[in-house]
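Breakdown of the fold
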Amino acid sequence: MKINQSVLLFLLIFGIHSCSPKLDAGAVNLENWKADRDGCKGLRMQDLEELQRIKNNFLGADNQSLIKTFGRPDRVELVDKSQSFFFYFLEPSSDCDGQKSEKEPLRVLFRMNALSKVSEVNITTLNP
């Protein structure tokens with residue numbers, strides 16, 4: 001019976017995470033967003049004001065919903081077992097061809113807690 005409970009628990013958790021909906025991104029142009037990996041084309045900057053307006057709407061969202069909405073993060077940083085960060089660059093990052101910048105690019109940072117839920121959203125040039 002213990003094996004059946006474990007399998008049921010796994011299926012329940014998998015089902016909850018696989019059914020994560022897309023998030024409401026307001027007027028953000030998600031096609032441009034996904035086409036602008038690392039902010040190289042500058043398309044994401046067009047949505048800066050909208051992002052600043054709606055950023056707190058993403059609090060509590062799970063990581064799969066973020067990925068379904070904004071696409072794969074440009075960078076993921078694991079701080080420790082209890083938190084990680086998803087980076088989406090608004091300005092061209094150092095990964096863009098021919099990009100050499102003296103300052104850190106503007107980015108959206110989603111801080112994820114141990115349950116993979118968004119606990120903080122910042123638009124900043126600072127690293128976590």
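In what follows, the structure referred to is the one given above.
All of these numbers come straight from a predicted model, not from anything done at the bench. Going along each chain's sequence as written, the residues are numbered from 1 onward. Thresholds applied to this predicted model are a pLDDT of at least 70 for local features of residues and 80 or more for the giving and counting of side-chain atom pairs; totals over whole chains, interfaces and linings are not thresholded and use all residues. In computing side-chain properties, one takes all heavy atoms of the structure into account and sets aside hydrogens as well as water.

Re the overall build of the protein
To keep it simple, the criterion reads: Secondary structure elements are taken from DSSP: a helix is a run of H or I of four residues or more, a strand is a run of E of two residues or more, and numbering for both begins at the N terminus. The rule is simple: take the accessible area with a 1.4 Å probe, protein chains only, and divide by the maximum for that residue type; under 20% is buried, over 50% is exposed, in between is partly exposed. Should any heavy atoms of two residues lie within 4.5 Å, those residues are considered in contact. Only the protein chains shown count as covering a residue, and every accessible area follows the Shrake-Rupley method with a 1.4 Å probe.
Of regular secondary structure, the protein possesses four helices and four strands. In sequence order, the secondary structure elements of the protein are arranged as α-α-α-α-β-β-β-β. Going through the 128 residues of the protein one by one, you find that 36% of them count as buried. Residue pairs in contact within the protein that sit at least 24 positions apart in sequence constitute 52% of those at least 6 positions apart. Carbon and sulfur atoms make up 54% of the accessible area of the protein, which totals about 8,100 Å².

Quick word on the packing of aromatic side chains
The line we're drawing: Each pair of aromatic rings taken from Phe, Tyr and Trp, with Trp reduced to its six-membered ring, is defined by centres within 6.5 Å and is described as stacked if the planes are under 30 degrees apart, edge-to-face if over 60, and tilted in the remaining cases. A ring is scored as having a charge over it whenever the NZ atom of a lysine or the CZ atom of an arginine sits within 6 Å of its centre and within 35 degrees of its normal.
Applying the stated rule across the entire model yields eight aromatic pairs. Arranged with centres 5.9 Å apart and planes meeting at 75°, the rings of Phe58 and Phe110 form a pair that is edge-to-face. Residue Phe58 is found in the loop between helix 3 (48–54) and helix 4 (63–70), and its partner Phe110 is found in strand 3 (residues 107–112); the two are separated by 52 residues along the sequence. For the ring pair Phe87 and Phe89, a centre distance of 6.3 Å and an interplane angle of 35° mean the geometry is tilted. Taking relative accessible area as the criterion, Phe87 reaches 1% and is therefore assigned buried. Judged by relative accessible area, Phe89 falls into the buried class, the value being 1%. Site record: aromatic cluster; members linked through ring pairs are Trp33, Phe58, Phe70, Tyr88 and Phe110. It is Arg44 that lies over the ring of Trp33; its NZ or CZ is 4.7 Å from the centre.

A few points about the state of the cysteines
Quick note on the threshold: To count as a disulfide, a pair of cysteine sulfur atoms needs to be within 2.5 Å.
Going through the model one piece at a time under the given rule, you end up with one disulfide. Between the sulfur atoms of Cys40 and its disulfide mate Cys96 the distance is 1.9 Å. Measuring handedness by torsion sign, the sulfur bridge of Cys40 and Cys96 sits at about -95° and is left-handed. Of this pair, Cys40 sits in the loop between helix 2 (30–35) and helix 3 while Cys96 sits in the loop between strand 2 (83–89) and strand 3, and the two are 56 residues apart along the sequence. With a relative accessible area of 37%, Cys40 lands in the partly exposed category. Judged by relative accessible area, which is 7%, Cys96 ranks as buried.

Looking at the side chain of Asp38
Tracing the chain through its elements places Asp38 in the loop between helix 2 and helix 3. Apart from the residues lying within four places of it in its own chain, the contact partners of Asp38 are Arg44, Asp74, Phe89, Glu91, Pro92, Ser93, Asp95 and Cys96.

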